[in-house]
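Architecture at a glance
Listed below, chain by chain, are the residues.
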Amino acid sequence: MDTASAAAPRGQRLEGKPIADAVKAQVAAAVAARQAQGLPRPGLAVILVGDDPASEIYVRNKARACEAVGIASQLHRYDGNTTPAEVLRKLDALNADPAVHGILVQSPLPPQFDADEIIDRIDPQKDVDGFHPYNLGRLAQRRPILRPCTPKGIMTMLSQTGRPLRGQHAVIVGASNHVGRPMGLELLLAGCTVTSTHKFTRDLATQVGRADIVVAAAGRPGLVAGAWIKEGALVIDVGINRLPSGKVVGDVEFEAALPRASYITPVPGGVGLMTVASLLENTLLAAEQLSPAA
Ligand code: GUN
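What this report covers is the structure whose coordinates are included nearby. Bear in mind that the values here come from a model prediction, so they are computed numbers and not experimental data. (Residues numbered from 1 in each chain as written. Predicted model: local features only at pLDDT ≥ 70, side-chain atom pairs only at ≥ 80, totals over all residues. Heavy atoms only, no water.)

Structural notes on the sheet that holds strand β4 (residues 102-105)
Spatially, the three strands line up as an open sheet ordered β3-β2-β4, and their pairing is parallel. The open sheet has two edge strands, β3 (72-78) and β4, and neither has a second partner. Adjacent strand axes in the sheet meet at a mean angle of 15 degrees when their direction is disregarded. Two elements, strand β2 (residues 43-49) and β3, share seven bridges in a ladder whose sense is parallel. The residue of β3 that forms the bridge with A45 is Q74. (Pairing = 2+ DSSP bridges. Helix = DSSP H or I, 4+ residues; strand = E, 2+ residues; numbered from the N terminus. Axes fitted to C-alpha atoms, helices over the stretch in contact; angles between N-to-C directions.)

Following this line, the structure appears as structure tokens:
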């Protein structure tokens, strides 16, 4: 066992709300300062196609969060039969609109859409999800600008623990474009030794058992057994899984992992709140770059 993590306190819940609230307060202050200088309010345009119930909730939460910090948000709704050409035309118009600094197309999209074609059409300077290949390439080259929101929010949470990241072994469970892959790039940038695990990984238990930091982002309830967690590890649970009972749980067996972990994020109430906070930061950053102070 490594002595640094063995000495760390155990069983602390790393809650998202106080950290997200602090980020939101910073963004609100920066937006107010811009307005006092006569600069335009940051503007976020959200495109929602179809009627996925979870997306409805996410989009509503994003609009409320924007309103709370002074960001002007607009929602463009399309029914599930909309053609990709129609959404591409809207993206061209939003790319050209000076009042819009950030553009986000809520996923999932209906089956007639090629999500890559849609993401590629967003002006990278307005890509507040950080999903455009330009922005992911910048992150891969250690010069990030607009960074994917969930990994960015996790980095903010990790910094709040005060634990140094350099030299730590981080194991990421799940290799999605939105979370797992950019998470690996963020942790690499922070000086971690990164292991990415995915559905072809053999012996996940052994990989997770070596981790100083575990980021579980597979979208499978209880995939990461509590008994796998190394004593003193820091556990970040990105999963949001609704069980048949209606209960929402993460990818980690929370109760079993809690006494072993130094810190562990709860679900709900952990990482989810940080994603929206990072989106607000990105929208402010996009506005600062597109409409800078004179
Ligand atoms: N669907 C679920 N989470 C997200 C997100 O962070 N961004 C977008 N665009 N769609 C999502």
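Quick look at the site of the ligand
Lining the immediate surroundings of the ligand are K62, L104, V105, Q106, S107 and D129. Interatomic distance of 2.8 Å between a backbone N/O atom of V105 and a nitrogen atom of the ligand. Considering only residue class, the shell around the ligand consists of two nonpolar, two polar and two charged. (Near = heavy atom within 4 Å. Polar contact = N/O pair within 3.5 Å; in protein donor to acceptor, adjacent residues only side chain to side chain. Nonpolar A, V, L, I, M, F, W, Y, C, P; charged D, E, K, R; others polar.)

Brief notes about the sheet that holds strand β7 (residues 213-216)
The six strands are arranged β1-β11-β8-β7-β5-β6 in an open sheet whose pairing can be described as parallel. In the strand order of this sheet, the two ends are held by β1 (12-13) and β6 (193-197), each with one partner. Here β1 pairs with strand β11 (residues 263-264) via two bridges, running parallel. Considered in β11, the bridge of R13 is made with I264. Contacting β5 (169-173), β6 and β7, helix α8 (residues 180-189) runs over the sheet at an angle of about 170 degrees to β5. (Contact = heavy atoms within 4.5 Å.)

Focus on the nonpolar core
With 43 residues, the main nonpolar core has L187, V215 and I236 as its most contacted residues. Among the elements that make up this core, the one with the highest residue count is helix α11 (residues 271-290) (eight residues). The residues contacting I236, other than those within four sequence positions of it, are L14, I154, L158, V214, V215, A216, T265 and V271. Counting 17 residues, the second-largest nonpolar core is a separate cluster that includes L204, A211, V224 and I264. (Core = buried A, V, L, I, M, F, W, Y, C linked by side-chain atoms within 4.5 Å. Buried < 20%, exposed > 50% of the residue type's maximum accessible area, 1.4 Å probe, protein only.)

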